[in-house]
Amino acid sequence: MIQQITILGGHGKDSTPEPVARIDLSMGQVISIVGPTGSGKTTFINDIELFANGDTPTGRRILIDGKTPPAQYREDPSLNPIALITQHTNFLSDLPVGEFLRTHAGIRTNDGGMVSSLMEKTLDFANQLTGEPVIASIRMTELSGGQTRALLIADATIICNTPIVLLDEVENAGIHRTRALELLRQYKKIFVFVTHDPRIALLSDARIVMQNGCVTQFIETDAAERLFAGAVTRIDDTLTKLRERIRMGGRMTMEDVREHAAFTAMEAKA
Amino acid sequence: MKLAICAGPATTGKTSVLRHLTRRLINNGLHPAFLKIDVQFADEDEVFAREFEIPARKIYSGELCPDHCSVLILGDALQWAQKADADVLLVETAGLCLRCAPYVDGGLGLMVMEATSGMNLPRKVGPMLSLADIAVVTKIDLVSQAEREVFRARIIEAAPGVRVREVNALYGIGMDPLVDHILNTPDIPEQLVLRGNPPVGTCTICVGKKEIGWQSHFGVVRALNNQNFYRGE
Ligand SMILES: Nc1nc2c(ncn2[C@@H]2O[C@H](COP(=O)(O)OP(=O)(O)OP(=O)(O)O)[C@@H](O)[C@H]2O)c(=O)[nH]1
Ligand SMILES: Nc1ncnc2c1ncn2[C@@H]1O[C@H](COP(=O)(O)OP(=O)(O)O)[C@@H](O)[C@H]1O
Ligand SMILES: [Mg+2]
Ligand SMILES: [Mg+2]
Ligand SMILES: [Zn+2]
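As the structure is a computational prediction, the values presented were derived from the model and not from experiment. (Residues numbered from 1 in each chain as written. Chains lettered and ligands numbered in written order. Predicted model: local features only at pLDDT ≥ 70, side-chain atom pairs only at ≥ 80, totals over all residues. Heavy atoms only, no water.)

## Quick notes on the site of ligand 2
Then, number 1: Close to ligand 2 lie 15 residues, the nearest being H11(A), G38(A), K41(A), T42(A) and T43(A).
Then, number 2: Mapping the residues near ligand 2 onto chains gives chains A and B.
Then, number 3: Separating an oxygen atom of ligand 2 from a backbone N or O atom of G38(A) is a distance of 2.7 Å.
Then, number 4: Within the side chain of Y171(B), an N or O atom sits 3.2 Å from an oxygen atom of ligand 2.
Then, number 5: Protein chains shield 76% of the accessible area of ligand 2, which is 560 Å² for the free molecule.
Then, number 6: Residues that form the shell around ligand 2 fall into these classes: three nonpolar, ten polar and two charged. (Near = heavy atom within 4 Å. Polar contact = N/O pair within 3.5 Å; in protein donor to acceptor, adjacent residues only side chain to side chain. Areas by Shrake-Rupley, 256 points an atom, 1.4 Å probe, with all protein chains shown as cover. Nonpolar A, V, L, I, M, F, W, Y, C, P; charged D, E, K, R; others polar.)

## A word on the site of ligand 1
Residues and elements named next belong to chain B.
Then, number 1: Every one of the 16 residues lining ligand 1 counts as a neighbour, but K14, T15, S16, D141 and A169 are closest to it.
Then, number 2: Within the side chain of E44, one N or O atom sits 2.9 Å away from an oxygen atom of ligand 1.
Then, number 3: Separating an oxygen atom of ligand 1 from a backbone N or O atom of K139 is a distance of 2.9 Å.
Then, number 4: If ligand 1 stood free it would expose 650 Å²; the protein chains cover 73% of that surface.
Then, number 5: The element that contributes the greatest number of residues to the shell around ligand 1 is helix α1 (residues 14–27), accounting for three residues.
Then, number 6: Residues belonging to the shell around ligand 1 are distributed by class as follows: four nonpolar, six polar and six charged. (Helix = DSSP H or I, 4+ residues; strand = E, 2+ residues; numbered from the N terminus.)

## A short note on the pairing of strand β1 (residues 4–8) of chain A
Residues and elements named next belong to chain A.
Then, number 1: Counting buried residues in β1 gives four out of five residues, a clear majority hidden from the surface.
Then, number 2: Pairing of β1 with strand β2 (residues 22–26) involves five bridges; the strand directions are antiparallel. Paired with L8 across the strands is R22, a residue of β2.
Then, number 3: Bridging between β1 and strand β4 (residues 61–64) involves four bridges; their strand directions are antiparallel. Bridge pairing in β4 links I5 to I64. (Buried < 20%, exposed > 50% of the residue type's maximum accessible area, 1.4 Å probe, protein only. Pairing = 2+ DSSP bridges.)

## Quick look at the coordination of the magnesium ion (ligand 3)
All names here are of chain A.
Then, number 1: Protein coordination at the magnesium ion (ligand 3) comes from T42 (OG1) and Q87 (OE1), with a distance range of 2.0 to 2.7 Å. On the criterion of sequence distance, the pair formed by T42 in helix α1 (residues 41–49) and Q87 in the loop between β5 (82–85) and α3 (97–108) is long-range, its members being 45 residues apart.
Then, number 2: T42 sits in the partly exposed class, given a relative accessible area of 28%.
Then, number 3: Owing to a relative accessible area of 37%, Q87 belongs among the partly exposed residues under this scheme. (Donors = N, O, S within 2.8 Å, 3.2 Å for Na, K, Ca; no water.)

Structure representation (structure tokens):
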């Protein structure tokens, strides 16, 4: 079982050496990657997924348990310890969902008898993340953005079931984001989330800050931030409620935020 | 002289892959030459000559299938490359006719496919894939990891002996193993032989006879209700 993954720094877009030269992530850690659009967040997790060895535009190198990963990881998906959920919001594959998941399960597992149950569990997981039902007979290309992302997350968690999961911008997915995090955190893995979302960032053990193609900081979530996480969650829940209200054609009233305002007043006194 | 022949459907990334390979081969001290075989238009020769200052040329197959054309001209091309002091000849061919494959014994056969093409493509391309040494899957940046893995499985299912290499040919990611394959390819033998069986006979359609109906054609032909039969002149 994999215990640790190491990212050795490369260079930024302007060829300057990466300020954070080494990052070690251990089993069970949840890490966020933050930074402006174009700062290299997607590139960073792609480097991990590709087991970069100085052969990508960033010059980064990836070690697993301190060693260069064996070539079989890329040759045989059943050995690959990494699942990557990309930012893609549509599939290009023209297969029906069921056939696709069956094939993928057949590749990722060594136990052929499990294929059908893995497919069903994956569909079930996906349907907990999106309101639009994902069924086995739809063609992959017909899925909406939300359905696509829900299926990608479910596939990575249930079918890939790898010790390392990389997830690119879950908040843009059009899915039940908090539900996704709850479900994901039931699995002990290394999770790396690319995110702009303070709530997700505060759920993480640490965050990697990116700028101009480089990791510029590694910030561990401190005690003060952890305390603050509760307040951020409430703000976020309140906004989510408002969002749901307008989506359903309702009017927004002070009533919607009263609970939140009461909390804030209470906290200010304390 | 080493030989690598790169085939694949239009716009899959053959030129992009070969450009990355050329740069890396030059960095390894080799002297590549480049040949493009296409039906009626190609500009890759100019690209390679300009970008790498290596011997580069093209040939139009016109009314012949590009792979048939390759059989006829490859001997001359190797002599040309040798005279130009090259030690590896890279051939890019359009691979339009899915009945033929351009690879030769003793040379490396690369088939380029894009990850974005349908999941059934590996089942459709026939000998162009099954006779290759390596299937190079390009445009992996455009699909999810899951789709990439299923596509790879479809290739292996259609062509069990072929190695699959996934690349991003925009940024040159995944190219190093391909370079190693070329470096490990031995020099070509004296007598070159086409790998696998070419399609039956010499087909008059391939050479541009357009009339519909087997009655207008010679060689091995077939009618709707028969097996192939030979029709001499
Ligand atoms: N995103 C992405 N685009 C790619 C990749 N490889 C090639 N392309 C693009 O695909 C297009 C076609 O690439 P070429 O290398 O010209 O393809 P080709 O097979 O040589 O095409 P023909 O010789 O015209 O049949 C170009 O716009 C490339 O930039 C890749 O890995 N990812
Ligand atoms: N270290 C680097 N060196 C060179 N180019 C880089 C580097 N990091 C990122 N890039 C390039 O910058 C662009 C934006 O990166 P991307 O990872 O998509 O950003 P983000 O996901 O943060 O929006 C991409 O074209 C990528 O190839
Ligand atoms: Mg991104
Ligand atoms: Mg080309
Ligand atoms: Zn032909």
